[in-house]
Amino acid sequence: MTTTILVVDDEPDFEALILQRFRRSVRDETFAFLFARDGVEALEVLAANPHVDLVLSDINMPRMDGLTLLERLAALDQRVFTVIVSAYGDMANIRTAMNRGAFDFLTKPLDFSDLERTIEKTMRHTRLFREAEERQRSAEQASAALSRYFSPNIAERLAAAADTLDAGERREITAVFTDITGFTPLVEVVEPAVLAQLLNAYVSGMTACVFDHQGTVAKIVGDALHILFGAPADQGDHAARAIACARDLDTLAQEFCTVWQERGVALGPTRIGVHSGPALVGSFGGGRFFDYTAYGETINIAARLEAANKAFGTRVLVSAATASAAPDFHGRPVGDLQLRGCRGPMRVFELSSRDDGDDYRAAFDRLERGDPDAVAAFAVVFGSHPDDPLASFHLKRLLNGGGGTTIVVG
C-alpha cells in the first residue's frame, strides 16, 4: 500500500532533494510525494487529494505559514497527521506547533534517516487511528441501523455486537401486528403532502410507544407495523409487555384517529393482533440488506388475528397463548377461531376495558354450554350496550341459526 506524503516547503531545491533521497521508495510505490510551496497551495492540494496520509511542513513560508496551516488542517473533516520541520533551536514555534496538533517535529538541516523513522512511526499511528475510526464508524452505523428496529437502550447494547443478530435462532416470542382500517383507499383521495404528514406522525408515535415497552419494530410497511417482544433480547415477560403495548397502541391510535377526523380526513381505526409462541428470528436477506425479522406459524397467527378484527368489529384480538402467559390479563372471550392456514381452532380474546364484562361472560358461558338461553343473554347485553360490536356479532349469529364457540374466519 502506497503512503502519500504532502511536502510543504518554499525552498526551491527541497523537492528535488526529497525525490532523490526516496527514489527507490517512489519507484517501488512505497511512497508517493506531492508538493506545495506554502499553506495556501497545501490546502488546494489536499482538497484535490483526500487520500493524503501525512503532511511534512516547514514553518516559515510566504502567504500562509506552517502554524496557520496547522490551524486550518484542524478545521478540516479530512484527518491528516502533520510533522513540522523547523530550524534548530526554534523551540517557541515548535511548542506552538505541537499545541496546534502537530504529531511530531524535525529540525533543519534534515537528517533523512531520522525522517524515514519519523514517517514510519507516524504511519503506524495513522493506521491505528484509522482502524479505531473505522471501528467507531461501524459501531455508529450498526447503532443507526439497530435504532430503526429496537428501543434505544437495546440498540445501544447490541451495537457493539451486531453480528450476533445475523444467525437465525428459535425462541419464544410474542408477535404484534397493527394496521389502519381502510388506509389504502385513503391514499387515493388525500393530498400527498397531507398524507405524508399523517403517516409520519402516526408511525413516529406508534414506534415510540413500542420502544417505551422495550419492543422491537421488525418491519414497517406503509401504515402497518410488525412488532416483536422477546427478541433479540430475552424478555421473560414478553407476553405481558406485548399486551400492555397493544393497549397503549390502541389508545394512541384512537386519539390519533379522532384528531385527523376532526381535520376532515376519514381515518379508520387501527386493528391489532397479538399471539405468542416459537419463531425463527434473526437477520435475513444478505450482506447489504439488513432485515431483522421473524418467521413461523406464530407470526402468521398474529397477522391473521389482526385481520380477524374486521369480522367482529373489534380493534385488538389476543390469543389464549398470550393471555394465559400474562398475569392479570383482562379481556373478553371471542370464541375458538379457525383462522385461515392454521391447524385448528384457538381461543381468542378481545382486549377490552368495557364495564359489561360480567354480563357478556355470562352470555358467552351459555353459548359455550349450548344453552338456548344464550340468545336472550346476548340480547340483554346488546340492549344495554348497542355500540358493542362483539355482542352484536354473537346475537346476529345465533339469530341466524349459528351456535357454539367455533368460528371460521377466512
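The structure reproduced in this document is the subject of the present report.

What counts, and where the lines are drawn
Residues numbered from 1 in each chain as written. Predicted model: local features only at pLDDT ≥ 70, side-chain atom pairs only at ≥ 80, totals over all residues. Heavy atoms only, no water. Helix = DSSP H or I, 4+ residues; strand = E, 2+ residues; numbered from the N terminus. Buried < 20%, exposed > 50% of the residue type's maximum accessible area, 1.4 Å probe, protein only. Contact = heavy atoms within 4.5 Å. Areas by Shrake-Rupley, 256 points an atom, 1.4 Å probe, with all protein chains shown as cover. Polar contact = N/O pair within 3.5 Å; in protein donor to acceptor, adjacent residues only side chain to side chain. Pairing = 2+ DSSP bridges. Axes fitted to C-alpha atoms, helices over the stretch in contact; angles between N-to-C directions. Core = buried A, V, L, I, M, F, W, Y, C linked by side-chain atoms within 4.5 Å. Salt bridge = Lys/Arg side-chain N within 4 Å of Asp/Glu carboxyl O. Expected span 1.5 Å × (residues − 1). Bend = angle between axes of the 7 residues up to and from the residue.

## Re the overall build of the chain
Alright, step 1. Across its full length, the chain holds 15 helices and 14 strands.
Alright, step 2. Burial statistics for the chain: of 410 residues in total, 47% are counted as buried.
Alright, step 3. Contacts in the chain between residues at least 24 apart in sequence constitute 67% of all its contacts with a sequence separation of at least 6.
Alright, step 4. For the chain, the accessible surface area stands at approximately 20,600 Å², while carbon and sulfur atoms represent 51% of it.

## Some remarks on the side chain of His275
Alright, step 1. Tracing the chain through its elements places His275 in strand E9 (residues 270-284).
Alright, step 2. Under the relative-accessibility criterion, His275 is labelled buried at 7%.
Alright, step 3. In this view, His275 contacts Ile173, Thr174, Ala175, Thr298, Ile301, Ala302, Leu305, Ser319, Ala321 and Thr322; residues no more than four positions away in its chain are not counted.

## Let's talk about the side chain of Thr293
Alright, step 1. Structurally, Thr293 can be placed in strand E10 (residues 291-295).
Alright, step 2. A distance of 3.4 Å separates a polar atom in the side chain of Thr293 from a polar atom in the side chain of Lys219.
Alright, step 3. Setting aside residues up to four positions removed in sequence, Thr293 forms contacts with Ala218, Lys219, His226, Leu228, Leu280, Val281, Gly282 and Phe284.

## A short note on the sheet that holds strand E3 (residues 54-58)
By way of backbone hydrogen bonds, the strands of a sheet pair with one another, either parallel or antiparallel.
Alright, step 1. Here we have 5 strands laid out as an open sheet, ordered E2-E1-E3-E4-E5, and parallel in their pairing. Every other strand in the sheet has two partners, leaving strand E2 (31-36) and strand E5 (104-108) as the edge strands with one partner each. The sheet shows a mean angle of 20 degrees between the axes of neighbouring strands, taken without regard to direction.
Alright, step 2. Of the strands in this sheet, strand E1 (3-8) and E2 touch helix H1 (residues 14-21), which is tilted by about 180 degrees from E2.

## Side note on the nonpolar core
Alright, step 1. Grouped together as the largest cluster of nonpolar side chains are 37 residues, with contacts concentrated most on Leu249, Leu267 and Val318.
Alright, step 2. Counting residues per element, the ones that place at least two in this core are strand E6 (169-180), helix H8 (183-189), helix H9 (192-212), strand E8 (224-229), helix H10 (238-262), E9, strand E11 (316-319) and strand E13 (346-351).
Alright, step 3. Looking at which element gives the most residues to this core, the answer is H10, with 9 residues.
Alright, step 4. Residues contacting Val318, with those up to four places away along its chain left out, are Ile243, Val274, Leu305, Ala323, Phe329, Val348, Phe349 and Leu351.
Alright, step 5. Core analysis: the next-biggest nonpolar cluster, separate from the first, contains 26 residues, Ile301, Leu317, Val348 and Leu390 among them.

## Re the pattern of salt bridges
Alright, step 1. With the rule as written, the count across this model stands at 22 salt bridges.
Alright, step 2. Arg37 is paired through a salt bridge with Glu15; the nearest N and O atoms lie 3.7 Å apart. Here Arg37 is found in the loop between E2 and helix H3 (39-48), whereas its partner Glu15 is found in helix H1, with 22 residues between them in sequence.
Alright, step 3. Across the pair Arg63 and Asp38 runs a salt bridge, and its minimum N-O distance is 2.7 Å. Of the two residues, Arg63 sits in the loop between E3 and helix H4 (66-74) while Asp38 sits in the loop between E2 and H3, which places them 25 residues apart along the sequence.
Alright, step 4. Note on Arg63: relative accessible area 65%, which makes it exposed.
Alright, step 5. By relative accessible area, Asp38 is classed as buried at 4%.
Alright, step 6. Three or more residues joined by partner-sharing salt bridges are found here, namely Asp9, Glu11, Asp58 and Lys108.

## Points about helix H11 (residues 297-312)
Alright, step 1. Taking 1.5 Å of rise per residue, 16 residues should cover 22 Å, and H11 covers 22 Å from first to last C-alpha, within 8% of that figure.
Alright, step 2. Most pronounced at Glu306, the bend in H11 amounts to some 25 degrees.
Alright, step 3. All of the buried residues along H11 are Thr298, Ile299, Ile301, Ala302, Leu305, Glu306, Ala308, Asn309 and Phe312.
Alright, step 4. Of the residues trailing H11, Gly313 is marked for its positive phi of about 75 degrees.

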